[in-house]
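# Observations on the model geometry
Here is what each chain is made of, one letter per residue.
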Amino acid sequence: AYLNQIIQTERGSDPMANDSWQQEQFVLSTFHAVPADAGDELPAILNACKEAGLTHVETAFSARPAILRALDICDEIGLKVIVQDLGSLSGFQDRTTSAATPETVAEAVKTYGAHRSVDGYYIWDEPFFEQLDFAAENTRLIRQYAPGKLQLIALLQSYSPDYHWENGLFPRYIDTFIERTDPSLLSFDYYVFDHDVDKGVSLEDSYLWTDMAYIRKKALENGIPYWYYLQLIGDIIGHQPDRITLERVRVQTGIALAFGASGIQYFNILDGILTKQGERMKLFDPVAALNREVLSLGEALFGKKSTLVYPSGRLLHREYLDSPADSPLVAGAPDGLFIGEFTDEASDYLLAVSLDYEQPRTGEIRLRQTRQAAAFDPGSKTYGAPERTAALAYNLPAGGYRLYRFAK
């Protein structure tokens, strides 16, 4: 009777009108934190996620009993959850061929929605063209039965076998997704070390830049947030930590922040910094410390308008990026930086990222004119005293970055 009442009340209304989800904080999440057969180790896993600085966890490929146990724990420890349930409301690539029904979604929302930790629902993971209508229908149903909750769909990247830049189908895929689903958020993954660097393609020669630039462009055009899945597992296929380093993680987070991403999603905290038994791996403490910095910077940039993104040197695929000559702030910078510029009513901001993830870098960014500039300290979450300067001297660790604020 409860489900019928929900369905009859909502059926015939405009589901898009009920979509009131708004991002309220910078998000640091992980794709999979709840093993399908999770046992006594689940509290240790989720408490470690919280200690590692995550704001959210996603229940990708988890069974319902494990999801419900995770929600009980997250209710207590203050960790937000994005629920994926392949049995009732979610899809995966082209392996799910039918949309959820009003009955299954209403039942899932009743079951999960009683938990205060639920922040949203994972609608589809990497839908193909043929699944976009199903993903759109699932989105509409969630908007009807769980208004105000996030509807997350993670998009394919341009190294998909079918949709890439060479055949022109990747931008068409993104555009069609936006047209059909009217999303509240753009989220996608690109595992640059696994797909490119460890196969001999340098970071500077990766299609990562074009993917991120195009999705940023579409996010800005549609006035919606932009999240990015980055690589935390060194060997994606083998689910092994090999080949990943703190510096490789750091440079990915810096690139995401420079592009204006308001959410960073890890693939994956399990097998990346935690075992499936909840044991902490060698990168746990370094990544947890990095996450504290990322959250500080993400919060400092949250709500700021991304205005420009550009490299100081060569990138092979730079379509949809800006030119350094367009910058109203920067007159010149050494090669090897990627720069994001932001603005709000009171200030301009510049985030400089070193693309050298193997060695520290020092240098100086020359400004077009003398400005009052202050550097951000992630530890204290404050800016230093402003100083008038014509250049920004930097001393960055491998893959490191620094944020500056300029008074208007």
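This text goes with the structure placed above it.
Let us look at the structure shown here. (Residues numbered from 1 in each chain as written. Predicted model: local features only at pLDDT ≥ 70, side-chain atom pairs only at ≥ 80, totals over all residues. Heavy atoms only, no water.)

Another aspect to go through is the overall build of the chain. From N to C terminus, the chain includes 10 helices and 17 strands. Rg of the C-alpha trace for the chain: 21 Å, near the compact-globule value of 22 Å for 408 residues, within the 12% margin. Counting only C-alpha atoms and orienting by the principal axes, one finds that the chain spans roughly 70 × 45 × 40 Å. A fraction of 75% describes how many contacts in the chain between residues 6 or more apart in sequence connect residues 24 or more apart. On the chain, roughly 16,300 Å² of surface is accessible, and the fraction owed to carbon and sulfur atoms is 47%. Charged side chains in the chain number 37 positive and 56 negative. The centres of these two groups are separated by 5 Å. (Helix = DSSP H or I, 4+ residues; strand = E, 2+ residues; numbered from the N terminus. Rg over C-alpha atoms; globule rule 2.2 N^0.38 Å. Contact = heavy atoms within 4.5 Å. Areas by Shrake-Rupley, 256 points an atom, 1.4 Å probe, with all protein chains shown as cover. Lys, Arg positive; Asp, Glu negative; His and termini not counted. Charge placed at Lys NZ, Arg CZ, Asp CG, Glu CD.)

With 14 residues, helix 5 (residues 132-145) should cover 20 Å at 1.5 Å per step; its first-to-last C-alpha distance of 20 Å lies within 8% of that length. For helix 5, the tally of buried residues reaches 10 of 14 residues, placing the bulk of the element in the interior. Buried within helix 5 are the following residues: Leu132, Ala135, Ala136, Asn138, Thr139, Leu141, Ile142, Arg143, Gln144 and Tyr145. (Expected span 1.5 Å × (residues − 1). Buried < 20%, exposed > 50% of the residue type's maximum accessible area, 1.4 Å probe, protein only.)

All chains considered together, the criterion is met by 16 salt bridges. Note that Arg243 and Asp198 form a salt bridge whose closest N and O atoms lie 3.1 Å from each other. Linking Arg243 in the loop between strand 8 (226-231) and helix 9 (246-258) with Asp198 in the loop between helix 7 (192-195) and helix 8 (208-222), this pair joins segments that are 45 residues apart in sequence. A relative accessible area of 41% means that Arg243 is categorised as partly exposed. For Glu221, the salt bridge identified is with Lys218, shortest N-O distance 3.3 Å. (Salt bridge = Lys/Arg side-chain N within 4 Å of Asp/Glu carboxyl O.)

For the rest of this paragraph, the subject is the side chain of Asp348. Mapped onto the elements, Asp348 comes out in strand 13 (residues 347-354). What Asp348 contacts, discounting residues up to four positions off in sequence, is Leu329, Phe342, Thr343, Arg371, Tyr404, Arg405, Phe406 and Lys408.

It is the contact of helix 6 (residues 169-181) with helix 8, at a shortest axis distance of 11 Å, that shows an interaxial angle of 25 degrees. With respect to helix 8, the element helix 6 is oriented roughly parallel. At the point where helix 6 passes helix 8, the crossing takes the right-handed sense. Residues Phe170, Pro171, Ile174, Asp175 and Ile178 of helix 6 pack against Asp211, Tyr214, Ile215, Lys218 and Asn222 of helix 8. For the contact of helix 6 with helix 8, the class distribution of residues is six nonpolar, one polar and three charged. (Axes fitted to C-alpha atoms, helices over the stretch in contact; angles between N-to-C directions. Parallel < 35°, antiparallel > 145°, perpendicular 65-115°, else oblique. Left-handed = near helix turned anticlockwise from the far one by under 90°. Nonpolar A, V, L, I, M, F, W, Y, C, P; charged D, E, K, R; others polar.)

Turning our attention to the nonpolar core. In this structure, Leu46, Tyr121, Leu203, Phe259 and Leu351 are the most contacted members of the largest nonpolar core, which totals 111 residues. Element by element, the count of residues in this core is highest for helix 10 (residues 284-301), at nine residues. Setting aside chain neighbours within four positions, we find Phe259 in contact with Trp209, Met212, Ala213, Arg216, Tyr226, Ser306, Val309, Leu321 and Phe338. (Core = buried A, V, L, I, M, F, W, Y, C linked by side-chain atoms within 4.5 Å.)

Another aspect to go through is unusual backbone geometry. For the peptide bond that leads from Phe267 to Asn268, omega is 10 degrees, which places it in the cis range. Within the element layout of this structure, Asn268 appears in the loop between strand 9 (263-267) and helix 10. Here Glu126, not a glycine, exhibits a phi torsion of approximately 55 degrees, which is positive. Following the sequence through the fold, Glu126 ends up in the loop between strand 5 (118-125) and helix 5. Taking the relative accessible area as the measure of exposure, Glu126 reaches 11% and is therefore buried. One non-glycine residue, Lys381, adopts positive backbone phi at about 60 degrees. Given the relative accessible area of 52%, Lys381 is considered exposed.

It is worth spelling out empty space enclosed by the protein at this point. One pass over the structure, following the stated rule, counts two cavities of 30 Å³ or more. When its volume is computed, the largest cavity comes out at roughly 50 Å³. Lining the largest cavity are Thr139, Arg143, Gln151, Ile153, Phe177, Thr181, Pro183, Ser184 and Leu185. Looking at the lining of the largest cavity, the elements that each hand over two or more residues are helix 5, strand 6 (150-155) and helix 6. Residues of the lining of the largest cavity, tallied by class, amount to four nonpolar, four polar and one charged. (1 Å grid on protein atoms, 1.4 Å probe; cavity = no way out; pocket = protein on both sides within 12 Å on 5 of 7 lines; lining within 4 Å. Points joined across faces, edges and corners; volume = space filled by probe spheres on them.)

Further remarks concern the environment of Ala52. Mapped onto the fold, Ala52 is located in the loop between helix 2 (42-51) and strand 2 (56-58). Residues within four places of Ala52 in sequence aside, it is in contact with Ile269, Ile273, Phe284, Ala288 and Asn291.

To continue, consider the side chain of Ser354. Among the secondary structure elements, Ser354 is positioned in strand 13. Look past the residues within four positions of Ser354 in its chain and what remains in contact with it is Val251, Gly336, Leu337, Arg361, Leu396, Gly399 and Gly400.

On to the pairing of strand 3 (residues 80-83), then. Pairing between strand 2 and strand 3: three bridges, direction parallel. Its bridge partner lying in strand 3, Glu58 is registered against Ile82. Here strand 3 runs beside strand 5; their pairing, made up of three bridges, is parallel. Following the sheet pairing, Ile82 is matched in strand 5 by Gly120. (Pairing = 2+ DSSP bridges.)

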